[in-house]
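Coordinate analysis (summary)
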Amino acid sequence: PCPEQARSYYVDWRMLRDVKRRKLAYEYADERLRINAIRKNTILPKELQEVADKEIADLPRDSCAVRIRNRCVLTSRPRGVKRRWRLSRIVFRHFADHAQMSGIQRAMW
Amino acid sequence: EKDGSTASKSTTEVASKSREDTAETPKQKLLDLIGNMKVEVSYRKKLQELKTREIKKQATNKLEGPDSEGSTLQQATEDTQRGRPLNPELVEAASAVASSLPLNKKQTESELLAQLRRHEETTDKQKKGGTINLRNVISEMAVKRQSPAQRGVRISSRLSLDLDEDGRRIRSERLSPQSFDSRRSLKVGRRLNIFTKASTETENTLKTVSSPTIWDLEFAKEIGAITAQPPRNGFEEMIQWTKEGILWEFPIDNEAGMEDDAEFHEHIFLEKHLEDFPKQGPIRHFMELVICGLSKNPYLSVKQKIEHIEWFQKYFEEKKELLKEI
């Protein structure tokens, strides 16, 4: 007997994959930063930088931050998501009209 | 019942009165009272002062160069503030009280004078003119009062007449913190400081089990599951969430969970971590740039910065052979 929605699964598989990518990106963030620091360098010898290139390519593909997509948290919509609320525009509008978003008001000027 | 009432009356008076000076004049009696009270209070306050001074000294020892100078300057200003000229009458009264007591006169006199100085400061701050020091002293003293429930408990316990050889009541589990109410108890009277406090901490640490067994853990989990009832209302739910860490603590503290006891110089002067690197060559140049960037980074803790440098160290050691070919 729960008044609100209780979610125990992710909305769809794409959201699950996005979650996995976020976790891996968090784990490998430091290493990627450091290896990139060696790569984007004019001081160190080029051979070192080539070795670093290979190393970073060997890391799992899902560990790079660029692959993360800011999806809507409730509907997993990849587009039209506002970053502050992590919600897609449709869900945001739904909640705002039902006065469930704190501090949000219909604009009128 | 009469004994009980007199005993309760004595407790409602100032707790520190234990001396039986047969001073004749009422003024002498008053002075003695004040002297007793002040000596008792100032002893505790002196202990507290000593403790705070020790803490301050430790703090100053830990700090280096410029920081210690600042703290010593602060202490110097505090000391100079206390050296205000006192009312000469008060000084005379303090000396009189000190001479009346059969104790170390200079010590008591200095303590009394310190007390007076503190009173002076507080009165100056509050800007109350014309109040007698006596009132300040008495108002500062915390009078121990009995609640009527406690009084009833004591009377009932007295009726049972379970006396020890010392005259103490046997039911002392509840009353041990209030053992002054019996006629002859061990805790009344000035501290003689003959014995030092026995260290009970070592005993407790020895009693802890080395490794809790699985059965103990299961038992503890069972107890936890039974005692943790579901929250009756929203407040209890919020309390539970705060304990678990789901909800932040309000008012929001931006530095919650971030301890960062390191000083600024540990963040900036990171060259000491560069000792294992070769002193010439491009690697040194590169690491110096890394350190320059880290010193400007306010978001990482000192440990994270050291880990960063150590990672680079490992990386370059692994690539040593490669580097030697070049």
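Residues numbered from 1 in each chain as written. Chains lettered and ligands numbered in written order. Predicted model: local features only at pLDDT ≥ 70, side-chain atom pairs only at ≥ 80, totals over all residues. Heavy atoms only, no water.

The name an unreviewed UniProt entry assigns to chain B is Small ribosomal subunit protein mS31, from the organism Sula dactylatra. The Sequence similarities (unreviewed entry) comment attached to chain B in UniProt states, word for word, "Belongs to the mitochondrion-specific ribosomal protein mS31 family." UniProt annotates chain B under Subcellular location (unreviewed entry) with the comment "Mitochondrion". (UniProt positions renumbered as here; feature names shortened; annotations may be inferred.)

The name an unreviewed UniProt entry assigns to chain A is 28S ribosomal protein S14, mitochondrial, from the organism Sula dactylatra. In UniProt, chain A has this text filed under Sequence similarities (unreviewed entry): "Belongs to the universal ribosomal protein uS14 family."

**Considerations on a negative patch on the surface**
On the surface, E249, D253, E255, E259, D260 and D261 of chain B cluster together into a negatively charged patch. Within the secondary structure, D253 of chain B sits in the loop between helix 11 (234-244) and helix 12 (264-268). (Patch = residues over 30% accessible without salt bridge, like charges linked within 9 Å, V, L, I, M, F, W, Y side chains within 5 Å. Areas by Shrake-Rupley, 256 points an atom, 1.4 Å probe, with all protein chains shown as cover. Salt bridge = Lys/Arg side-chain N within 4 Å of Asp/Glu carboxyl O. Lys, Arg positive; Asp, Glu negative; His and termini not counted. Charge placed at Lys NZ, Arg CZ, Asp CG, Glu CD. Helix = DSSP H or I, 4+ residues; strand = E, 2+ residues; numbered from the N terminus.)

**Focus: the side chain of R34 of chain A**
Looking at where R34 of chain A falls in the secondary structure, it is placed in helix 1 (residues 13-39). No salt bridge forms around the buried R34 of chain A; measuring N to O, its nearest opposite-charge neighbour D30 of chain A is 4.5 Å away. Filtering out sequence-adjacent residues up to four positions away, R34 of chain A remains in contact with E307, H308, W311 and F312 of chain B. (Buried < 20%, exposed > 50% of the residue type's maximum accessible area, 1.4 Å probe, protein only. Contact = heavy atoms within 4.5 Å.)

**Examining the environment of E27 of chain A**
Structurally, the position occupied by E27 of chain A is in helix 1. Linking E27 of chain A and S63 of chain A, residues 36 residues apart in sequence, is a C-alpha distance of 7.7 Å.

**Topic: the packing of helix 1 of chain A against helix 2 (residues 46-58) of chain A**
Residues and elements named next belong to chain A. One can describe the packing of helix 1 onto helix 2 by two numbers: an axis separation of 8 Å at closest approach and a directional angle of 150°. Judged by the inter-axis angle, helix 1 sits roughly antiparallel to helix 2. Read as a crossing pair, helix 1 and helix 2 show a hand that is left-handed. On helix 2, the residues touching R32, I35, N36, I38 and R39 of helix 1 are Q49, A52, D53, E55 and I56. Partitioning the contact of helix 1 with helix 2 into residue classes produces four nonpolar, two polar and four charged. (Axes fitted to C-alpha atoms, helices over the stretch in contact; angles between N-to-C directions. Parallel < 35°, antiparallel > 145°, perpendicular 65-115°, else oblique. Left-handed = near helix turned anticlockwise from the far one by under 90°. Nonpolar A, V, L, I, M, F, W, Y, C, P; charged D, E, K, R; others polar.)

**A few points about the nonpolar core**
Here is a general trend for soluble globular proteins: nonpolar side chains tend to be buried in one another's company. Residues I38 of chain A together with F286, M287, F312 and F316 of chain B are the most contacted members of the largest nonpolar core, which totals 21 residues. Going through the elements one at a time, helix 1 and helix 2 of chain A together with helix 13 (282-295) and helix 14 (302-318) of chain B are the ones with two or more residues in this core. Sorting elements by how many residues they give to this core places helix 13 of chain B first, with six residues. Contact partners of M287 of chain B, with chain neighbours within four places excluded, come to L274, F277, I309, F312 and F316 of chain B. If you look at the next biggest cluster of nonpolar residues, it comprises six residues, including A94, V97, L112 and L116 of chain B. (Core = buried A, V, L, I, M, F, W, Y, C linked by side-chain atoms within 4.5 Å.)

**Some words on the packing of aromatic side chains**
Residue and element names in this part refer to chain B. Going through the model one piece at a time under the given rule, you end up with eight aromatic pairs over all chains. Ring geometry for F286 against F316: centres 6.1 Å apart, planes inclined by 85°, an arrangement best described as edge-to-face. Of this pair, F286 sits in helix 13 while F316 sits in helix 14, and the two are 30 residues apart along the sequence. Its relative accessible area of 4% is what places F286 among the buried residues. Summarising the aromatic geometry, the rings of W311 and Y315 are spaced 5.3 Å apart at their centres and angled 10° between planes, so their arrangement reads as stacked. In this pair, W311 and Y315 both sit in helix 14, four residues apart, roughly one turn of the helix. With respect to burial, W311 and Y315 carry one shared label: buried. Taken together, the aromatic side chains of F277, F286, W311, F312, Y315 and F316 make up a single cluster linked through ring pairs. (Phe/Tyr/Trp six-rings, centres within 6.5 Å; stacked < 30°, edge-to-face > 60°.)

**Notes on unusual backbone geometry**
Negative phi is the rule for most residues except glycine; trans is the rule for most peptide bonds. Note that the residue after F250 of chain B, namely P251 of chain B, is joined by a cis bond; omega there is -5°. Tracing the backbone shows P251 of chain B in the loop between helix 11 and helix 12. Backbone geometry places S76 of chain A, a non-glycine residue, at a positive phi of 65°. Inspection of the secondary structure assignment puts S76 of chain A in the loop between helix 2 and strand 1 (81-82). Using a relative accessible area of 3% as the deciding quantity, one classes S76 of chain A as buried. One non-glycine residue, A99 of chain A, lies in the positive phi region at around 60°. One can find A99 of chain A in the segment after helix 3 (89-97). On the accessibility criterion, A99 of chain A (67% relative accessible area) is exposed.

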